[in-house]
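Summary of structural features
Residue strings, one per chain:
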Amino acid sequence: MTASFHPDGFPLRFTHPGLPGHPFLLQEDTDRWHTPAHRWGSGFAITSRGSGRWNAASGTHEPVPGLTLTIDRTTGDDALTETYTWLNTRDSPLTLGSLAISLPIRDVYDDAEDALTRACHAHVWTGGAWSWALAQPMSGEGPVLGMIVREGALWAYSVESRNIGSGSNVRGHILLHVTDHARNPQAFGGQPEIVLEPGRPYVLRLETGFHDTVEAFLAATRPPVAIEQLVAETGQTLRVGDREITSHEHGALHVELPGGSRTAVLFHTPRRELVERRVARVLADHRPLHLDVPERHAFVPYDNATGLTQPTNGWGDWTDGAERLAMPTLLQQARLRGWGDATAIDEALHGWSAFARKWLVEEDGTVRRGSHFPEREPRLYNFPWLAHFFADQFKLYGEAADLDLAARVIERAYTLGAIDHLLLGFPEVILQVAGQLDENDQTARAAGLRDSLAKHAAHFARLGHALPSHEVNYEQSMVAPLVSLLAADGGHPEALERALRWLRAFGGPQPHVRLRDIGIRHWDGFWFGRDRLYGDVFPHYWSVLTAVALSQVGERESAQAIFRANLVNYTADASATCAFVMPSCVEGLPAHRPDSLANDQDWALTLWLRSTGEE
């Protein structure tokens, strides 16, 4: 392998002839927020004798009095081998509460072209003795760079440089932890405290090198067990290696693995039962019932910590429109199947329809973000969600005005420039509304919608890598609707296959229910949650957009696993979180916990039900 080093010995980039110009690591000259403080192998220790950092590549250092760290690096033809040895040099025991090592993989979204040629997805697995990190090019092509623990263990990862200054287009600096007990003892199923007796060392040995494929890398990690499935219904059985595991309680279950490793699986309430419980909770908790009609029929966020609904407060992602459409659309999906209290659902849907007509959609089909939220210009993301609501209202109740409004919203979106956007659910609602128009003798209008869809697909097939920026410069929720758009049109197979490679790369192969195949998203906790934690959300409900797209190209088994993994964000009584922030800490603040706000997560259920039909 070829690695470039700083004069002080820090790895600065890894290069492979198959991907010339790809640095794999953050670059200080171009990634301006990346400074020497987070170079490869830098880190910190929190101990019973105090805390300290190191920012040197090799040799022996003393980050804490009486604790030395010796770093040795050797480079061979195939791998960089690093050995970190922490030694207690005093005559009394020393407790290691946190040990962190920086891994500055270039996981950034400067723009789509840069992301697809010079950036990586960092798939991190800190499962104890079986731990690794995988830097996969965002293009989904070429070799991958992998770091494997060969001695010692990693039990957590945290993220730094994640704040309003670095913004939503930066994953941040990933820190790998031998333990993070001092800051978050319960993270990842529990963090060990490591006690070093006098003269005793702790050794962590890492091996980093290129692998031709993800599969080849996984084989090189020497998995202690095979884990084919990570999700089952309560009362069913999962096989982890030669063990059979079951649970009758809804929730994630940590499982110890051979050789000092650990993972998590999920047992979940059967889908209909969970949906019916969730519908009842939405009706009970998420409506501002203190208001008059029709405003009392809106759906709003709900704070599980206080039991209060959440006003908008001038924050676009807490409005009573936009992503909150997850709730009335979930009610529709339940009603289409005859699930739940039909009378209560009918009343709620008719009430919400009246609210939406008054506050969320204008006569020409323009959609507003919320009832009392000023906008400089319409947010196009909201258009297909409202169109789909009224299309399903027509399916449920047969009112011609609802179908007309659904079509009008789609047409208005194209008038406002939707052909340049990858809107979530847009291809699906266009096909549904066009079919409904055909069935109601409006074939010319239906043909117009299909023609717009075909032009839309052709436009993005021509763009190739040069995808336009959306609310984030490049993200999984751009590529998934791109796949859906190209799959719906069917006329651009090469562009579809390319987009599928990009989409699959967002999801890693970690053997953990919150991580396997779940598209990376690292900003939604800040925008949608109560705690404003700006770090990795696993799973985030929009990760099911990957499942929707995979369903549309026939990969049903992978899609179902992603849909079902999202049920980990619900409890047995169907309360929910909009964001489970995965790292042990973000900017030093304890994470690995659910945000208290239930907000927009019900898209996970709505889209699962839509993707499987009225079964």
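The structure under discussion appears in the preceding block.
Topic: the environment of Thr60
When you line up the elements, Thr60 lands in strand E5 (residues 59-64). Separated by 10 residues in sequence, Thr60 and Thr70 have C-alpha atoms that sit 4.2 Å apart. Those residues in contact with Thr60, other than ones at most four positions away along the chain, are Thr68, Leu69 and Thr70. Within the local environment of Thr60, its side chain forms a polar contact with the side chain of Thr70, the two groups lying 3.0 Å apart.

Overview of unusual backbone geometry
In this structure, the amide linkage connecting Val293 to the following residue, Pro294, adopts the cis form with an omega of 0 degrees. Looking at the element boundaries, Pro294 is found in the loop between helix H3 (271-285) and strand E21 (302-303). Geometrically, the link from Phe538 to Pro539 is a cis peptide bond, its omega value of -15 degrees lying close to zero. Considering the arrangement of structural elements, one finds Pro539 in the loop between helix H12 (524-528) and helix H13 (544-552). Residues other than glycine seldom take positive phi values, yet Ser161 does so here, at roughly 65 degrees.

Side note on the pattern of salt bridges
When the charged atoms of two side chains lie near each other, side chains of opposite charge can form a pair. Tallying each qualifying case throughout the model produces 39 salt bridges. One salt bridge in this structure joins Glu151 and Arg205, with 3.7 Å as the shortest N-O distance. With a gap of 54 residues between them, Glu151 in strand E11 (residues 144-151) and Arg205 in strand E15 (residues 201-211) connect regions that are remote in the sequence. Take Arg205: its relative accessible area is 29%, and that puts it in the partly exposed class. Two residues, Glu555 and Arg504, come together in a salt bridge whose shortest N-O distance is 2.4 Å. Here Glu555, found in the loop between H13 and helix H14 (556-565), pairs with Arg504, found in helix H11 (residues 493-505); they are 51 residues apart in sequence, far enough to count as distant. Through salt bridges that share partners, Asp31, Arg106, Asp110, Asp114 and Arg118 make up one connected network.

A word on the sheet that holds strand E6 (residues 67-75)
If you walk across this open sheet you meet the seven strands as E5-E6-E7-E15-E11-E10-E9, and the pairing is antiparallel. Looking at the sheet topology across the chains shown, the edges are occupied by E5 and strand E9 (120-127). Neighbour-to-neighbour, the strand axes of this sheet turn through a mean angle of 15 degrees, independent of strand direction. Alignment of strand E7 (residues 80-88) against E15, held across eight bridges, turns out to be antiparallel. Following the sheet pairing, Thr85 is matched in E15 by Val203.

Examining empty space enclosed by the protein
Tallying each qualifying case throughout the model produces three cavities of 30 Å³ or more. Space inside the largest cavity adds up to approximately 90 Å³. Counting only elements with at least two residues in the lining of the largest cavity, the list comes to E9 and strand E20 (261-268). The greatest single-element share of the lining of the largest cavity, amounting to four residues, is contributed by E9. Looking at the lining of the largest cavity residue by residue, the classes come out as six nonpolar, five polar and one charged.

Criteria and thresholds
Every residue gets a number counted from 1 within its own chain, in the order that chain's sequence is written. At least 70 in pLDDT is required for a residue's local features to be given in this predicted model, at least 80 for side-chain atom pairs to be given and counted, and no such filter applies to totals for whole chains, interfaces and linings, which use all residues. Water and hydrogen atoms play no part in the side-chain values, which are based on all heavy atoms of the structure. Counting from the N terminus, the helices are DSSP H or I runs at least four residues long and the strands are E runs at least two residues long. Should any heavy atoms of two residues lie within 4.5 Å, those residues are counted as being in contact. Polar contacts, as used here, are pairs of N or O atoms within 3.5 Å; protein pairs need one atom able to donate a hydrogen and one able to accept it. Residues neighboring in sequence count only if both atoms are side-chain atoms. Salt bridges are defined as contacts in which a side-chain nitrogen from Lys or Arg sits within 4 Å of a carboxyl oxygen from Asp or Glu. Only protein chains enter the area calculation, which uses a 1.4 Å probe; residues under 20% of their type maximum are buried, those over 50% are exposed, and those in between are partly exposed. The criterion for strand pairing is that DSSP finds at least two bridges linking the strands in question. Angles run from 0 to 180 degrees between N-to-C directions of axes, and those axes are lines fitted to C-alpha atoms, restricted for helices to the stretch in contact. Two kinds of site are reported from a 1 Å grid over the protein atoms alone, namely cavities, where a 1.4 Å probe fits but cannot get out, and pockets, open sets with protein on both sides within 12 Å along at least five of seven lines, and residues are called lining when an atom falls within 4 Å of a point. Grid points are joined across faces, edges and corners, and a volume is the space filled by probe spheres set on the points. Polar here means any residue outside two lists: the nonpolar Ala, Val, Leu, Ile, Met, Phe, Trp, Tyr, Cys and Pro, and the charged Asp, Glu, Lys and Arg; Gly therefore counts as polar.

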